[in-house]
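An overview of the molecular structure
This is what each chain is made of:
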There are 4 protein chains.
Amino acid sequence: MGEHHTYTPIASDLAYTFGGVEPVASLRSGDTLTLFTEDCFGGAVTTVDDLPSRVCEFPYLNPVTGPFFIDGAEPGDTLAVHFQSIVPARTTGVSSTFPHFGALTSTSHTASLQPPLEERVWLYDIDSAAGVVRYRARNAEYTVDLPLDPMHGTVGVAPAAFEARSSLTADTHGGNLDTPELRAGTTLYLGVNVPGALLGLGDGHARQGQGEVCGVAVEVAMTTTITVEVLKQVRTRWPRIESDDAIMSIGCARPLEDAFRISQHDLVAWTAELTGLDTLDAYQLVSQAGTAPVGNVVDPNYTMLARLPKHLLPDAAAIYGGTHRRLRTGGAESR
Amino acid sequence: MGEHHTYTPIASDLAYTFGGVEPVASLRSGDTLTLFTEDCFGGAVTTVDDLPSRVCEFPYLNPVTGPFFIDGAEPGDTLAVHFQSIVPARTTGVSSTFPHFGALTSTSHTASLQPPLEERVWLYDIDSAAGVVRYRARNAEYTVDLPLDPMHGTVGVAPAAFEARSSLTADTHGGNLDTPELRAGTTLYLGVNVPGALLGLGDGHARQGQGEVCGVAVEVAMTTTITVEVLKQVRTRWPRIESDDAIMSIGCARPLEDAFRISQHDLVAWTAELTGLDTLDAYQLVSQAGTAPVGNVVDPNYTMLARLPKHLLPDAAAIYGGTHRRLRTGGAESR
Amino acid sequence: MGEHHTYTPIASDLAYTFGGVEPVASLRSGDTLTLFTEDCFGGAVTTVDDLPSRVCEFPYLNPVTGPFFIDGAEPGDTLAVHFQSIVPARTTGVSSTFPHFGALTSTSHTASLQPPLEERVWLYDIDSAAGVVRYRARNAEYTVDLPLDPMHGTVGVAPAAFEARSSLTADTHGGNLDTPELRAGTTLYLGVNVPGALLGLGDGHARQGQGEVCGVAVEVAMTTTITVEVLKQVRTRWPRIESDDAIMSIGCARPLEDAFRISQHDLVAWTAELTGLDTLDAYQLVSQAGTAPVGNVVDPNYTMLARLPKHLLPDAAAIYGGTHRRLRTGGAESR
Amino acid sequence: MGEHHTYTPIASDLAYTFGGVEPVASLRSGDTLTLFTEDCFGGAVTTVDDLPSRVCEFPYLNPVTGPFFIDGAEPGDTLAVHFQSIVPARTTGVSSTFPHFGALTSTSHTASLQPPLEERVWLYDIDSAAGVVRYRARNAEYTVDLPLDPMHGTVGVAPAAFEARSSLTADTHGGNLDTPELRAGTTLYLGVNVPGALLGLGDGHARQGQGEVCGVAVEVAMTTTITVEVLKQVRTRWPRIESDDAIMSIGCARPLEDAFRISQHDLVAWTAELTGLDTLDAYQLVSQAGTAPVGNVVDPNYTMLARLPKHLLPDAAAIYGGTHRRLRTGGAESR
């Protein structure tokens, strides 16, 4: 087992891109790291009167903790990031509408001549012990408890081709994936594009619905523990998630059907590899047995996941050489 | 409680459009009907050598049983169709690839200069007692059991505006929705566009994955029992499903994000109506608590669902005046 | 040469679908027809206070004159429709915004929670002698003259597969193509799907910009003269236009890139056929020499055209067996 | 008038991103620069046997000459880049298909299970004196001359938000716009995002069709002369082109309708500003008088242009304070 590090950034340590940023620390394959992530508003929204478009300044949105240089990670390798735990660091979560952003409004790109929707902030009480977040309507006496289901919206490495990409965007390098499937107990696989991989993460959500419809989840700072492992000379083209029960391929694109196609295409190839089936037989199996959890339909690239239950595979332990099982166990031991 | 009818069509009774077809029988609001539906290939694919592009003849694809004239149904009303049971009428289900059709191939519309994928047929053993369908690879010794989860891909009424639409297409009138959420125990709500509504259904699936990726589910003829009810002067713009646990709005469109937008927009309005929340408060609740089950990403119109758990609503019994609960109970009694 | 007929419908003669309507008259291959078409509002908008959403009643929008039964036209044939002349039948054209319709607003399908844009009507003076239509701003003293360029937005035949489609939609059968390329002097080729073809046309535009951005062109009733010809056993999959200078393939679909793909795919195949080039050589030629005139980006299906100059072809007279040249000349003679 | 500089890069001077690269030289507002740009293949394709996927190495594709630091350019300013001349630097142009890239093939994002199309190279003779490029089929004796119409596919500045973007992509910063409208005699306006703007350009095309359908134009190195001017405190959100005859707004996005919406939205706002019309009156004018030239439908972001003839504006000389006219004249003098 590797070492256990901790890292808490100050505001000036935060990054706003994947790529183009110097690492804040180094980790070795096998190391565990407990870190703090700020919320997507940089902690600036604390009351319902803190309208994000006023209290936040572009491009200082969606800050990422890191990047971390992973010793020995080279282009052509895969970085496994196992999430041991994701724990809200505050007892209040924040959501909002944002002018011309979200799925049910025209936007900067799906441009219309209509004025934006009202910008409104909602605060959620987070009760980690009870495992709930409390929704409270702003214009009515209406309150319901939703399951607490902490996740990270944004996890990625530096992109290829000398690019630096805003932390608001997702692509092959990960980034702003905004899928509720990225919760504690899962392992995220990312292809390494630059020496050291340059891993960063942020954008904790106490929970989000599928699609992140209004564009903003229940945003909250997080205290998160991850274990990283470098899989040498294993290529991963699009981000993948492994849970105890399933394998998941992530597609990031517009239009949404391309995110769907990418994710399903990757899952078919992955299934063929793990079962020995030819492409068409794998296509058929995925067609009947797969699900397609929606990530977000609001960010610069939408995300769709393609998911297959592991019990349909002949040897689930063979997935990435048993990395998830190893990290899952090791993680449990090291907590 | 209404009467219980049975109806078994012969081949020449089958319809290939919604609209433009004379009714085969009449039902009254409250009546129950047990009917037989052919599979999407008209039963013509029975061995792996029966390639659909050879044994089926366009446009004689996806036959629909009906239409049924529902007495008293008028434009501006809603037709509730409660599925009491959906039972495979054969012990073998069929799937296939089809030239230039499906999500992971170029198509007639997402046109490319590439030749089509191989056309291949798969047969599934359906074991209704065990509740499984058995996948068998064609080019490998690989077999896995998947849960039997019978559903109808195609249920609809005659469209508005004097249209007749192919049974391969979904739109506001329902049609080829191809969502696994349309299973026994649910109620489908469809807006009525013409006198008598002209309900038809078909395209039974022993199961399908989300997205119906290869374009064809585990197709099988069905023996299905429904109860219908006319809700006078209740408008329903897009198809909606109610299960014991959730309300679901269905969007049918291309591109896929428009299917998503339609479904979420309808769910926000429905949620606002059922909770008394204003639009933005409902938008926020749906954003954090909703899911977005994918229907199909292969048909002329894709389908996305927006789903909200009923326990978040103040009075689930108020949904369409308690229709689902009433039909669910009545259905149980009448079986 | 065929006969010259004239036809002027009364309101109750107008059709609102392609398919599902009885023919109003018969023509023979080679016949010429002068007919009257109402504007898309049925003539109901005559002042700036006649807001379309108030004075028009769904589905009585976009009326079509016809359909005409073309003797001898059978499925598998092509119907050539040559436009001899398209002349505004009134001296005032009408345009408007329409609630939740158009390219720069959210719509019923690209759904948002925003209220619609203001509904506003513009009147245009049409000066056929001078060849101009006069734009007048509503909220400013601003007037500019635009070239008169009359065209039909809607021309089609009955669709295949027993369908009846709203005159607001375009597809393989033609319909609401809304392209400014469909002007006098061109020949439209449509695949025949039913005996008699059942040709209808309407939706005259004194002119429109590419994309028909606000959703409504300069709408006006027309007096139009066409000559029709049946090309036996010549298949046409998507609508095509031939002008004196160019061949054009039309794709009708959403998303817009699929309309683009369809049109380019069809043009590549057509170019290969006319040049004897293999597919890739034709693809290359079209890539460097083709243009892509935008039709509409507002209707249920968008339209894109793919256009190749005829002088790049070895024998322009070979296009559809010289039909356009023959009709062009014959038309000139018969005027 | 400013100084006239010349710049010829060696291979190691070339850039592959906008942003993240040190400037190679400085210019002052008003300066003229004659520079050399390599073709998109880095000059590596010289025979039909030089398949791009073999002779080029990712990410060393689409090299850009620059970036150039423009003294005094600051975020919030606009950089005007006037193209005095664009002259092919070689007598042979190159095009090709490329595996899983282009509009009429499935791609990495519009993913399918189909194998790629054949990779094939075409060579074009460029005759600058005659003003033609000669297409030669590969698998037939077929030759046609097309008009020489030199342009730059790729022109941009460093993006905002600390990003560095691949030269293969277009966005608000310009980049791989791939529109035939960017020819000599036009002025490109780009919003400045970083001090010095960091202008780069490359990807010369001897000509291209609209859409750049196969993904590759007639690629050739260029000798190009530009004049740059900084417009202080003038914001430009999306790239704009001014020619002698028209103003054009460029939208870069997927899906294609969003590129369309962006471009039209920007043109409506620009038209409102130049005419004093309110938004809806400008929307109406653009709807009837505008055209929508297609740029590319193949790159990571597609490009659409919205174009309005300048004679419809009350004072064409007011566009960006008369910059185009001034640079057009100055350029003529300095040639």
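Residues numbered from 1 in each chain as written. Chains lettered and ligands numbered in written order. Predicted model: local features only at pLDDT ≥ 70, side-chain atom pairs only at ≥ 80, totals over all residues. Heavy atoms only, no water.

An unreviewed UniProt entry annotates chain A as Acetamidase/formamidase originating from Actinoplanes derwentensis.

1. Here we look at the pattern of salt bridges
Threshold: Salt bridges are defined by distance alone: a side-chain nitrogen of Lys or Arg within 4 Å of a carboxyl oxygen of Asp or Glu. Secondary structure follows DSSP: runs of H or I at least 4 residues long count as helices, runs of E at least 2 residues long count as strands, and numbering of each begins at the N terminus. Using a 1.4 Å probe on the protein chains alone, a residue whose accessible area is under 20% of its type maximum counts as buried, one over 50% counts as exposed, and one in between counts as partly exposed.
Using the criterion set out here, one finds 80 salt bridges over all chains in the structure. Of the charged contacts, one joins Arg254 of chain A and Asp258 of chain D as a salt bridge, the two residues approaching to 4.0 Å between their closest N and O atoms. Pair noted here: Arg254 of chain A is in the loop between strand 20 (246-253) and helix 2 (256-275) and Asp258 of chain D is in helix 2 (residues 256-275), and the two residues belong to different chains. Classification of Asp258 of chain D by relative accessible area gives buried; the value is 2%. A salt bridge links Asp171 of chain C to Arg165 of chain C; the nearest nitrogen and oxygen atoms lie 3.2 Å apart. Since its relative accessible area comes to 15%, Asp171 of chain C is described here as buried. Ionic contacts of the salt-bridge type, sharing partners, join the residues Glu163, Arg165 and Asp171 of chain A together with Glu163, Arg165 and Asp171 of chain D into one network.

2. What to know about the relation of the copies chain B and chain A
Which entries qualify depends on this criterion: Least-squares superposition aligns the copies on the C-alpha atoms of those residues with pLDDT at or above 70 in both. A contact between two residues is defined here by any heavy atoms of the two lying within 4.5 Å.
Between the two copies, chain B and chain A, the superposition gives an RMSD of 0.0 Å; the rotation angle is 180° and the shift along the axis is 0.0 Å. This pairing of chains is accounted for by a two-fold axis. It is Leu256 of chain B whose C-alpha, among those of chain B, lies nearest the rotation axis, at 2.8 Å. Of all interface residues in chain B, 100% are interface residues in chain A too; the two copies therefore contact each other through one and the same surface.

3. Description of the interface of chain B and chain A
Let me state the cut-off plainly: Nitrogen and oxygen atoms within 3.5 Å of one another constitute a polar contact, given that in protein one can donate a hydrogen and the other can accept it, and given that sequence-neighbouring residues count only through two side-chain atoms. Under the convention adopted here, Pro, Cys and the residues Ala, Val, Leu, Ile, Met, Phe, Trp and Tyr are nonpolar, Asp, Glu, Lys and Arg are charged, and Gly plus all remaining residues are polar.
Contacts between the two partners involve 63 residues from chain B and, on the opposite side, 63 residues from chain A. Between Asp281 of chain A and Arg120 of chain B there is a salt bridge, with the nearest N and O atoms lying 3.0 Å from each other. For the interface between chain B and chain A, the tally reads 44 residue pairs in polar contact (both at pLDDT 80 or more). Elements with a minimum of two residues in the side of chain B that touches chain A: strand 7 (92-96), strand 8 (121-127), strand 10 (143-147), helix 2 (256-275), helix 3 (279-289) and strand 21 (302-309) of chain B. Considering each element in turn, the side of chain B that touches chain A owes the most residues, nine residues, to helix 3 of chain B. Of the residues in the side of chain B that touches chain A, the class split is 35 nonpolar, 19 polar and nine charged.

4. Thoughts on the interface of chain B and chain D
Spelled out, the test is: Accessible area, probed at 1.4 Å, shrinks when two parts are joined; the buried area is that loss added up over both.
If you look at the interface, chain B gives 15 residues, while chain D gives 15 residues. Carbon and sulfur atoms supply 58% of the area that chain B and chain D bury against each other, a total of about 1,000 Å² over both sides. Area buried by chain B at its contact with chain D is led by Leu104, Leu113 and Gln114 of chain B, which between them contribute 49% of it. Remark: the boundary between chain B and chain D carries zero salt bridges. At the junction of chain B and chain D, the tally comes to six residue pairs in polar contact (both at pLDDT 80 or more).

5. Describing the sheet that holds strand 1 (residues 4-7) of chain B
In a beta sheet, neighbouring strands pair by backbone hydrogen bonds and run either parallel or antiparallel. Residue and element names in this part refer to chain B. In plain terms, the rule: Any two strands with at least two DSSP bridges between them are considered paired. Lines fitted to C-alpha atoms define the axes, with helix axes restricted to the stretch in contact, and inter-axis angles between N-to-C directions lie between 0 and 180 degrees.
Judged by pairing direction, the sheet is mixed, and its eight strands sit side by side in the order 1-4-18-6-15-19-20-21 without closing on themselves. The open sheet is flanked by strand 1 and strand 21, the only strands paired with a single partner. Direction aside, neighbouring strands of the sheet carry axes that sit 25° apart on average. In terms of strand pairing, strand 15 (residues 187-191) meets strand 19 (residues 240-242) through three bridges, oriented antiparallel. In the strand pairing of strand 19, Thr187 is matched with Glu242. In this fold helix 2 packs onto strand 19, strand 20 (246-253) and strand 21, with an angle of close to 145° to the strand it touches most, strand 20.

6. Some points on the packing of helix 2 of chain D against helix 3 (residues 279-289) of chain D
All names here are of chain D. What counts here: Put simply, a crossing is left-handed when the front helix is turned counterclockwise from the back one by less than a right angle, and right-handed when it is turned clockwise.
At their nearest, the axes of helix 2 and helix 3 sit 8 Å apart, and the two run at 115° to each other. Between helix 2 and helix 3 lies a crossing of right-handed hand. Residue-level inspection shows Gln264, Leu267, Val268, Thr271 and Ala272 of helix 2 in contact with helix 3, the latter providing Thr279, Ala282, Tyr283, Leu285 and Val286. Split into classes, the residues belonging to the contact of helix 2 with helix 3 amount to seven nonpolar, three polar and no charged.

7. Some remarks on the sheet that holds strand 19 (residues 240-242) of chain C
All names here are of chain C. Ordered by their spatial adjacency, eight strands build an open sheet running 1-4-18-6-15-19-20-21, and the pairing between neighbours is mixed. Edge positions in the sheet fall to strand 1 (4-7) and strand 21 (302-309), since each of these pairs with one other strand and no more. Pairwise comparison of adjacent strand axes, ignoring direction, gives a mean angle of 25° for this sheet. Direction of pairing for strand 20 (residues 246-253) relative to strand 21: antiparallel, over a ladder of eight bridges.

8. Here we look at unusual backbone geometry
All names here are of chain A. Going from Phe58 to Pro59, the amide bond is cis rather than trans, its omega being 0°. Looking at the secondary structure, you find Pro59 in the loop between helix 1 (52-55) and strand 5 (64-70). Going from Arg254 to Pro255, the amide bond is cis rather than trans, its omega being -5°. If you trace the backbone, Pro255 turns up in the loop between strand 20 and helix 2.

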